[in-house]
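Below are the chains, spelled out letter by letter.
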Amino acid sequence: MKLSKKLQLFLLYARGDQEAVHRLYRRMVKEGADVWLDREKILPGRDWQYEIRNAIQNSDVVIVCLSRHFNKQGGYRHEELKLALAKARSLPEGRSFIIPARLEKCDLPESLRRWQRVDLFETRGYKKLVDALRRQIA
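Residues numbered from 1 in each chain as written. Predicted model: local features only at pLDDT ≥ 70, side-chain atom pairs only at ≥ 80, totals over all residues. Heavy atoms only, no water.

**Focus on the sheet that holds strand β1 (residues 8-12)**
Phase 1: Read across the open sheet, the five strands follow the order β2-β1-β3-β4-β5; overall the sheet is parallel. The outermost strands of the open sheet, each flanked by one partner alone, are β2 (34-36) and β5 (118-119).
Phase 2: Two elements, strand β3 (residues 61-66) and strand β4 (residues 98-102), share five bridges in a ladder whose sense is parallel. Within β4, the residue paired with V64 across the bridge is P100.
Phase 3: Each of β1, β2 and β3 touches helix α1 (residues 18-30); the most contacted strand, β1, lies at about 170° to it.
Phase 4: Sitting on the sheet, helix α4 (residues 77-90) touches β1, β3 and β4, and the angle it makes with β1 is about 140°. (Pairing = 2+ DSSP bridges. Helix = DSSP H or I, 4+ residues; strand = E, 2+ residues; numbered from the N terminus. Contact = heavy atoms within 4.5 Å. Axes fitted to C-alpha atoms, helices over the stretch in contact; angles between N-to-C directions.)

Structure below.
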C-alpha cells in the first residue's frame, strides 16, 4: 500500500492522543508518505506557531485525528483546525483537503461533519484512509 512523497500530509491531533498519532505517523512514513507531525518536524528554537501555520498552508491534506481528548476545550489544536477549515474554504469545490479520522468512537465537531470520516479503529479503516490519499495523487 505504498504512498507517495508527492502528497504533503499534516496530522492534527490532541496531545492526549500523541502515542496513537505517532504510531499512525510511523506507519505512513514507512509506506513512503511525507507526513508533518509537530513532534518530528519542529526544531528546537523555532517559533512553533509559525511552523504549524506554515505546514498547514503547504499541506495537500490535513488528517484530523479525532477522539474524546480532541473534543475537550482548550489547546492549540482548535486554532489549527480553524486554519485548516479556512484553507479548505478557499479551495475549489469538490477538492478533498480535510479528512476526519476517528481514533476511537467519539462525536465529530460540528465543523467537520460535512466531510466523510474514516474510523481508524475499524479493521479496514487504515486501508480506506490510504485509498483516499492515493486518489488525491491521481
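**A few points about the pairing of β3**
Phase 1: Judged by how many residues are buried, β3 sits mostly within the fold: six of six residues are covered.
Phase 2: The side-chain alternation of β3 yields two buried faces, one formed by V61, I63 and C65 and the other by V62, V64 and L66.
Phase 3: Where β1 lies against β3, four bridges are found, and the strand directions are parallel. When the bridges of β3 are listed, L12 appears paired with V64.
Phase 4: The handedness of the β3 to β4 crossover, carried by α4, is right-handed. (Buried < 20%, exposed > 50% of the residue type's maximum accessible area, 1.4 Å probe, protein only. Right-handed = clockwise from strand over helix to strand, strands pointing away.)

**Description of the side chain of D119**
Phase 1: Relative to the elements of secondary structure, D119 occurs in strand β5.
Phase 2: Separated by 3.0 Å, the side chains of D119 and R117 make a polar contact.
Phase 3: Those residues in contact with D119 that lie beyond four places of it in its chain are R102 and G125. (Polar contact = N/O pair within 3.5 Å; in protein donor to acceptor, adjacent residues only side chain to side chain.)

**What to know about the packing of helix α3 (residues 48-58) against α4**
Phase 1: Between α3 and α4, the least distance of the axes is 10 Å, while the angle of their chain directions is 30°. If you check the angle between α3 and α4, you find them roughly parallel. Helix-helix and strand crossings are classified by hand; for α3 and α4 the assignment is right-handed. Residue-level inspection shows I52, R53, I56, Q57 and N58 of α3 in contact with α4, the latter providing E80, L83, A84 and K87. (Parallel < 35°, antiparallel > 145°, perpendicular 65-115°, else oblique. Left-handed = near helix turned anticlockwise from the far one by under 90°.)

**Structural notes on helix α5 (residues 125-137)**
Phase 1: Taking 1.5 Å per residue, 13 residues should reach 18 Å; α5 reaches 19 Å between its end C-alpha atoms and fits that length.
Phase 2: Taken together, the buried positions of α5 are occupied by G125, Y126, L129, V130 and L133. Down the axis of α5, the buried side of the element spans an arc of 135°, and every buried residue falls inside it.
Phase 3: Of the surrounding elements, those touching the buried residues of α5 are β1, α1, β3, β4 and β5. (Expected span 1.5 Å × (residues − 1). Arc of directions from axis to C-beta.)

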